[in-house]
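Coordinate analysis (summary)
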Amino acid sequence: MHLFCHEHPETLSLETEIVDARPGRVVLAQSPFYPGGGGQLADRGVIRWKSGEAKIVGFEYSSGKLWHLLDTQSDVAGGAVQAAVDPDFRRRMRQLHTDTHILNALVFRAFDGALVTGVQMADDGSARMDFDVPYADNDRLRALEGPINDLIRQDIPVRFAYVPMHEAQAERGLIRSRSVAPPPTPDGKVRIVEITGLDRQACGGTHLGSTGASPPIRILKVDNKGRHNRRVRIALAE
Ligand SMILES: [Zn+2]
């Protein structure tokens, strides 16, 4: 799966055209929207055409096409449209998403390759991440707040690359979680996101260009979820 927003996370507005339409839904020739997945919420935004506009309220994949679900059932004339992502929402998701990678990197190191069992970002600027760390001391997890904020302040570049699936599977920790690893591309590659020098892992979301574009975070809470799992809640501190 190659998404426009993977290559161009800064391009939030596009002139494009409708290539298929049904009541309340359209397919665009090119879409700037992140359709959700891997714990990151789907983008919000609008499409505008000559005589009107509609809010995007969701996304649906059907027979290989990405349908943009609209807040109107009325017919949208085909042809040229402007598609625009809600910039504040996207920025918040990129910040939170990048910060969950930093948390994940530190937990992976501190707790001997601990795996992520779930992640979910919320639109209020918070996120939760579940780790399989049966013997973790919750205070040690809480104490990661300082080191996370140090790494944010260091403004570390975040890069991505596409790696053949068999190579990715051979590198320990690269595919750390079924819940966040994206599906492979048609040519059998998987998208790898790297916080340079700190962590590499398969991921299909949108991230910052470097960690310093995030505000500091707070660790709100660490909960036990069953015998094996710890749930860490973080929030952007702004
Ligand atoms: Zn990611």
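Shown above is the structure to which this text applies.
Given the structure is predicted, the values throughout are model-derived calculations rather than measurements. (Residues numbered from 1 in each chain as written. Predicted model: local features only at pLDDT ≥ 70, side-chain atom pairs only at ≥ 80, totals over all residues. Heavy atoms only, no water.)

A closer look at helix α2 (residues 87–110)
Between its first and last C-alpha, α2 extends 35 Å over 24 residues, near the 34 Å set by a 1.5 Å rise per residue. Counting buried residues along α2, 18 of its 24 residues qualify, which places the element largely inside the surrounding structure. The distance from a side-chain oxygen at the start of α2 to the backbone nitrogen of D88 is 3.1 Å, and the residue carrying that oxygen is D86. (Helix = DSSP H or I, 4+ residues; strand = E, 2+ residues; numbered from the N terminus. Expected span 1.5 Å × (residues − 1). Buried < 20%, exposed > 50% of the residue type's maximum accessible area, 1.4 Å probe, protein only. Polar contact = N/O pair within 3.5 Å; in protein donor to acceptor, adjacent residues only side chain to side chain.)

Comments concerning the coordination of the zinc ion
Taken together, H97 (NE2), H101 (NE2), C203 (SG) and H207 (NE2) make up the protein donors of the zinc ion, found 2.0 to 2.1 Å from the metal. Classification of the site at the zinc ion rests on its 4 donor atoms, whose angles at the metal span 98 to 123°, yielding the label tetrahedral. In primary-sequence terms, the residues that donate to the zinc ion follow H-x3-H-x101-C-x3-H. Of this pair, H101 sits in helix α2 while H207 sits in the loop between β11 (199–202) and β12 (217–225); the two residues are 106 residues apart in sequence, bridging distant segments of the chain. (Donors = N, O, S within 2.8 Å, 3.2 Å for Na, K, Ca; no water. Tetrahedral: all angles 85-135°; square planar, octahedral: opposite > 155°, others 65-115°.)

Remarks on the side chain of S31
You can see S31 is positioned in the loop between β2 (25–28) and β3 (45–49). At 3.2 Å, the side chain of S31 and the backbone nitrogen of F33 are in polar contact. Separated by 2.8 Å, the side chains of S31 and H68 make a polar contact. Among residues more than four places away in sequence, those in contact with S31 are F4, L14 and H68. (Contact = heavy atoms within 4.5 Å.)

Details of the packing of α2 against helix α4 (residues 145–153)
One way to put it is that α2 packs onto α4 with a least axis distance of 10 Å and a crossing angle of 125°. Classified by the angle their axes make, α2 and α4 are oblique. The two elements α2 and α4 cross, and the hand of that crossing is right-handed. Along the contact surface, α2 presents D99, I102, L103 and L106, while α4 presents P147, I148, L151 and I152. (Axes fitted to C-alpha atoms, helices over the stretch in contact; angles between N-to-C directions. Parallel < 35°, antiparallel > 145°, perpendicular 65-115°, else oblique. Left-handed = near helix turned anticlockwise from the far one by under 90°.)

Focus: the nonpolar core
Counting residues in hydrophobic clusters, the biggest one holds 35 residues, and the most contacted among them are L103, V107 and I148. Of all the secondary-structure elements, those providing two or more residues to this core are α2, β7 (115–121), β8 (126–132), α4, β10 (189–195), β12 and β13 (229–236). The element that contributes the greatest number of residues to this core is α2, accounting for 8 residues. Core analysis: the second largest hydrophobic core is formed by 15 residues, I18, A54, I56 and A83 among them. (Core = buried A, V, L, I, M, F, W, Y, C linked by side-chain atoms within 4.5 Å.)

A closer look at the pattern of salt bridges
Any two side chains of opposite charge can pair, so long as their charged atoms come close to each other. With the rule as written, the count across this model stands at 15 salt bridges. Two residues, R48 and E53, come together in a salt bridge whose shortest N-O distance is 3.3 Å. Overall, the relative accessible area of 35% leaves R48 in the partly exposed class. Note on E53: relative accessible area 49%, which makes it partly exposed. One salt bridge connects R91 with D88, and the closest N-O pair in it is separated by 3.0 Å. Taken as a pair, R91 and D88 lie in helix α2 at a separation of 3 residues, close to a single helical turn. Ionic contacts of the salt-bridge type, sharing partners, join the residues D20, R22 and K65 into one network. (Salt bridge = Lys/Arg side-chain N within 4 Å of Asp/Glu carboxyl O.)

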